[in-house]
Amino acid sequence: MYKQLKVLDLSRILVGPYATMLLSDLGAQVIKVESFEGDETRKWGPPFFNNQSTYFLSINRSKQSICVDLKKGSSFIKQLAQQSDVLVENFTSGVMDRLGLGYEELSKINPRLIYASVNGFGLNNNQPGFDYIMQAETGFMHITGEKEREPMKVGVAIIDVLTALNLCNGIQGALYQRIETDRGCHIQTSLYESAIASLVNVSGMYLNGQKDMHRMGNQHPSISPYGTFKIKNKYIVIGVAQDNQFQSLCKILNLNHLTSDEQFKENKSRVQNSEKLKRIIEEALENWDVEDLIEEMKKNKIPVGEVKSVGQCLESSHTKSLNMVMELENGEKVIRNPLSFSNINLDYPKQAPYLNEHRDEICKQFGIRNVDVLIREGILK
């Protein structure tokens, strides 16, 4: 899809690398420019696979690596940028400008360059921001966890992932615009902005309903029954969003009397009495086998699922039927790109690069011949 696209990736940690990996899945050549010490996540472990951090491997497949001292090597980066289509960076505001590598400077030598910047808190804010901080600052932790317990973060760096998806989406939109204008542009976003945009119905509740959401554990603020239910030593999740689904659930659990009870007949009243309804349902579940219940509920089109570990999910027959896990030539296992196209075959992913692995190959491709001199001057490694 993007066979001729060259992406200059000056980002580190998670947001930028994940966004550029998605572009590499679509066929782009992604050149990962690293410091002499490498992306910080190379050292984040254990666990490690083939002496590489599994964290790093999960977001840097199919890329090429070259080490550059950005303070000494601005001219070198300009040579790469002049021949690239996209540049991605996630330094704090002003750093790239001070290095002589800001958008205004690079767009002069390559007007078609799409320059994508992402940071923690947005324009003109140099405060560093990790995903954990963003979950705290934007309400995610306030609405996650049990009501009487401390605020809780989501179990994966979800704001980073959502921001990466937004960034990738913006880059592809800019590429489409460039077809018409033959000019690039500067894309800017932040973890903070993406987090707020991801609050969807919760922000809508506050802005238009004057209701500030609080922690409800696994319950839903607007739908019931919708949450986790314990059966013996296992947990399942039931998501009833319609009255007819509730009627089907009651039939399975021999709770038909609830469908005419004013406390539970309609969703609004079920939400108001959700804790009482949860206790009634869990009591009715006591004699059920999890697998039998799930099968029965699926037959009746009731949204249901068993709470599984990550390992159980990845080893499940459904995950295998979707071919979500791929094995690379070196034995490393990766999660494939979730997109499928009717008439496009995505490139089979390659292993993540070792630090500075592709220095000579990249220099040759971009017509840079004085590699030994650049190494002596401390620009390259």
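- The name given to the protein in an unreviewed UniProt entry is CoA transferase, with the source organism recorded as Paramecium octaurelia.

Some remarks on the overall build of the protein
Line of reasoning, step 1. Counting secondary structure elements, the protein contains 17 helices and 13 strands.
Line of reasoning, step 2. Considering only C-alpha atoms, the protein reaches an extent of 85 × 45 × 40 Å along its principal axes.
Line of reasoning, step 3. Looking at the 381 residues of the protein, the share that counts as buried comes to 44%.
Line of reasoning, step 4. Contacts in the protein between residues at least 24 apart in sequence constitute 67% of all its contacts with a sequence separation of at least 6.
Line of reasoning, step 5. Counting only carbon and sulfur atoms, one obtains 50% of the accessible surface of the protein, whose full area is about 20,700 Å².
Line of reasoning, step 6. Where the 44 positive side-chain charges of the protein centre and where its 46 negative ones centre are 2 Å apart.

Focus: the pattern of salt bridges
Line of reasoning, step 1. Enumeration according to the criterion identifies 16 salt bridges in this entry.
Line of reasoning, step 2. A single salt-bridge network, built from bridges that share partners, covers Lys234, Glu291 and Glu306.

Regarding a nonpolar patch on the surface
Line of reasoning, step 1. On the surface, Trp44, Phe130, Tyr132 and Ile133 cluster together into a nonpolar patch covering about 420 Å² of accessible area.
Line of reasoning, step 2. Mapping Ile133 onto the fold places it in helix 6 (residues 131–137).

Focus: helix 7 (residues 158–181)
Since the α-helix packs 3.6 residues into each turn, any two residues three or four apart lie on the same face.
Line of reasoning, step 1. Taking 1.5 Å as the rise per residue, helix 7 with 24 residues should run 34 Å; its terminal C-alpha atoms sit 34 Å apart, in good agreement.
Line of reasoning, step 2. Turning to helix 7, its buried residues number three or more, namely Ile159, Asp160, Thr163, Ala164, Leu167, Cys168, Ile171, Ala174, Leu175 and Arg178.
Line of reasoning, step 3. Those residues of helix 7 that are buried are in contact with helix 1 (15–25), strand 6 (86–89), strand 7 (114–119), helix 6, strand 8 (186–190) and helix 8 (191–197).
Line of reasoning, step 4. Looking one or two residues beyond helix 7, the residue adopting positive phi is Asp182, at roughly 60°.

Some details on the sheet that holds strand 9 (residues 226–231)
Each strand in a sheet pairs with its neighbour through backbone hydrogen bonds, running either in the same direction (parallel) or in the opposite one (antiparallel).
Line of reasoning, step 1. Taken together, three strands build an open sheet; the order of strands is 9-10-11 and the sheet is antiparallel. Edge positions in the sheet fall to strand 9 and strand 11 (304–306), since each has one partner strand and no second. Taking the axes of each pair of neighbouring strands and ignoring which way they run, one obtains an average angle of 25° across the sheet.
Line of reasoning, step 2. Sitting on the sheet, helix 13 (residues 290–299) touches strand 9, strand 10 (234–239) and strand 11, and the angle it makes with strand 11 is about 155°.

Some remarks on the packing of aromatic side chains
Line of reasoning, step 1. Tallied over the full model, the rule gives three aromatic pairs.
Line of reasoning, step 2. A ring pair is formed by Trp44 and Tyr55, whose centres lie 5.1 Å apart and whose planes are at 80°; its orientation type is edge-to-face. Taken together, the residues Trp44 in the loop between strand 2 (29–34) and strand 3 (48–49) and Tyr55 in helix 2 (residues 54–57) connect sequence positions eleven residues apart.
Line of reasoning, step 3. Between Tyr103 and Tyr115, the aromatic rings sit 5.8 Å apart at their centres with planes inclined by 70°, giving edge-to-face as the arrangement. With Tyr103 in helix 5 (residues 103–109) and Tyr115 in strand 7, the pair connects residues that are twelve residues apart, well separated along the chain. With respect to burial, Tyr103 and Tyr115 carry one shared label: buried.
Line of reasoning, step 4. Just above the ring of Phe246 sits the side chain of Arg270; from NZ or CZ to the centre is 4.3 Å.

Criteria and cut-off values
Residues numbered from 1 in each chain as written. Predicted model: local features only at pLDDT ≥ 70, side-chain atom pairs only at ≥ 80, totals over all residues. Heavy atoms only, no water. Helix = DSSP H or I, 4+ residues; strand = E, 2+ residues; numbered from the N terminus. Buried < 20%, exposed > 50% of the residue type's maximum accessible area, 1.4 Å probe, protein only. Contact = heavy atoms within 4.5 Å. Areas by Shrake-Rupley, 256 points an atom, 1.4 Å probe, with all protein chains shown as cover. Lys, Arg positive; Asp, Glu negative; His and termini not counted. Charge placed at Lys NZ, Arg CZ, Asp CG, Glu CD. Salt bridge = Lys/Arg side-chain N within 4 Å of Asp/Glu carboxyl O. Patch = residues over 30% accessible without salt bridge, like charges linked within 9 Å, V, L, I, M, F, W, Y side chains within 5 Å. Expected span 1.5 Å × (residues − 1). Pairing = 2+ DSSP bridges. Axes fitted to C-alpha atoms, helices over the stretch in contact; angles between N-to-C directions. Phe/Tyr/Trp six-rings, centres within 6.5 Å; stacked < 30°, edge-to-face > 60°. Lys NZ or Arg CZ within 6 Å of the ring centre and 35° of its normal.

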